[in-house]
Structures are given as structure tokens and as C-alpha cells.
Amino acid sequence: MANIDVDVEWGGVYDKFSEENITYARRAMANQMLADMNPYVPRKDGVLRMNTSLAFDGSKIHYHQPYASRQFHNQFDNYTTANTGPRWDKKAFSIHGQQWKRQFAKKAGF
């Protein structure tokens, strides 16, 4: 019986799992998440929605208003905009979560 040698080219796999590629995909997904969550963020004057940023690597979405944490964690009775309230991330995920996963996979080239 003859021996057969097969060379496996791993370059493409390493490229897809490179830190740069994953960061690119994560940032694209985080941008989409921010846009999709925005309609569920409480809005009185719009400042909370406008004063946001992403971590450079796309791992976090920052809301910079001092009252952002209270709005995110606590239920209030006087929301001025329909369909807004605390934990807007969970509400948006229930509607858009599968799209976010597809966005990451597409941008990562999977």
C-alpha cells in the first residue's frame, strides 16, 4: 500500500480567526446593535440616545449620560415614548438577535 501525503493550507482559516478580522466583525455587529436598540432607549429629549459610543474592539456600547444606568436598570411609570424602558438590550435582542449573529458571521467571512 502506498503512502499519500496531503498538505493542508490553513492560511484562510487563520485569516478568518485573526484578531483583526474578529474585531472588524464585532464592531460591525455592535454598530448594528446600537442602531437596533436605539428605538427602545427611553427618549425625553433624545440626549441619552445621542450620547453613545462603542469600545474600539466593539465589545461594549457605552451610554455616557449620568442617568443612563438608572434608566437601564429601573422601571419607571412615566416614559414619554412608546415601547421604551429599561433593558432595551433584551427587547432589541428578542427582535433582532438573529440578525446580529448573521451580521457578525457575514462580516467575519464565515
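Description of the structure in this document. Just so it is clear, the model here is predicted, and its values are computed rather than measured.

1. Remarks on the overall build of the chain
Moving on, step 1. Looking only at helices and strands, one finds 5 helices and 2 strands in the chain.
Moving on, step 2. N-terminal to C-terminal, the α/β element order of the chain is α-α-α-β-β-α-α.
Moving on, step 3. Since a compact globule built from 110 residues should have a radius of gyration of about 13 Å, the 20 Å found for the chain marks it as more spread out than a globular shape.
Moving on, step 4. In terms of principal-axis extent, the alpha carbons of the chain reach across some 80 × 25 × 15 Å.
Moving on, step 5. Across the 110 residues that make up the chain, the buried fraction comes to 32%.

2. Section: the packing of aromatic side chains
To describe a pair of aromatic rings, you give the distance between the ring centres and the angle between the ring planes.
Moving on, step 1. Evaluated as defined, the whole model comprises 6 aromatic pairs.
Moving on, step 2. Taking 5.0 Å as the distance between ring centres and 80 degrees as the angle between the ring planes, the aromatic pair formed by Phe-72 and Trp-88 counts as edge-to-face. Within this pair, whereas Phe-72 is found in helix H4 (residues 68-73), its partner Trp-88 is found in helix H5 (residues 88-108), the two being separated by 16 residues in sequence.
Moving on, step 3. Judged by relative accessible area, which is 2%, Trp-88 ranks as buried.
Moving on, step 4. Across from the ring centre of Phe-56, 5.8 Å away, lies the NZ or CZ of Arg-27, which sits over that ring.

3. Some words on the pattern of salt bridges
Moving on, step 1. Under the criterion given, the structure shown has 2 salt bridges.
Moving on, step 2. Two residues, Arg-26 and Asp-57, come together in a salt bridge whose shortest N-O distance is 3.6 Å. Here Arg-26, found in helix H2 (residues 19-37), pairs with Asp-57, found in the loop between strand S1 (52-54) and strand S2 (61-63); they are 31 residues apart in sequence, far enough to count as distant.
Moving on, step 3. Relative accessible area serves as the criterion here: at 26%, Arg-26 is assigned to the partly exposed category.
Moving on, step 4. A residue is classified by how much of its surface remains accessible, and Asp-57, at 29% relative accessible area, is partly exposed.
Moving on, step 5. When the shortest N-O distance is used, the salt bridge between Arg-87 and Asp-89 registers 2.8 Å.

4. Observations concerning the nonpolar core
Moving on, step 1. Membership of the largest hydrophobic core comes to 18 residues, with the highest contact counts inside it found for Met-37, Leu-48, Tyr-63, Trp-88 and Phe-104.
Moving on, step 2. At the level of elements, H2, H4 and H5 are the ones that each hand at least two residues to this core.
Moving on, step 3. Top contributing element to this core by residue count: H2, with 6 residues.
Moving on, step 4. Residues in contact with Trp-88, not counting those within four places in the same chain, are Met-37, Tyr-40, Val-41, Pro-42, Leu-48, Tyr-63, Ala-68, Gln-71 and Phe-72.

Parameters and conventions
- Residues numbered from 1 in each chain as written.
- Predicted model: local features only at pLDDT ≥ 70, side-chain atom pairs only at ≥ 80, totals over all residues.
- Heavy atoms only, no water.
- Helix = DSSP H or I, 4+ residues; strand = E, 2+ residues; numbered from the N terminus.
- Rg over C-alpha atoms; globule rule 2.2 N^0.38 Å.
- Buried < 20%, exposed > 50% of the residue type's maximum accessible area, 1.4 Å probe, protein only.
- Phe/Tyr/Trp six-rings, centres within 6.5 Å; stacked < 30°, edge-to-face > 60°.
- Lys NZ or Arg CZ within 6 Å of the ring centre and 35° of its normal.
- Salt bridge = Lys/Arg side-chain N within 4 Å of Asp/Glu carboxyl O.
- Core = buried A, V, L, I, M, F, W, Y, C linked by side-chain atoms within 4.5 Å.
- Contact = heavy atoms within 4.5 Å.

Just geometry here; none of it tells us what the structure is for.
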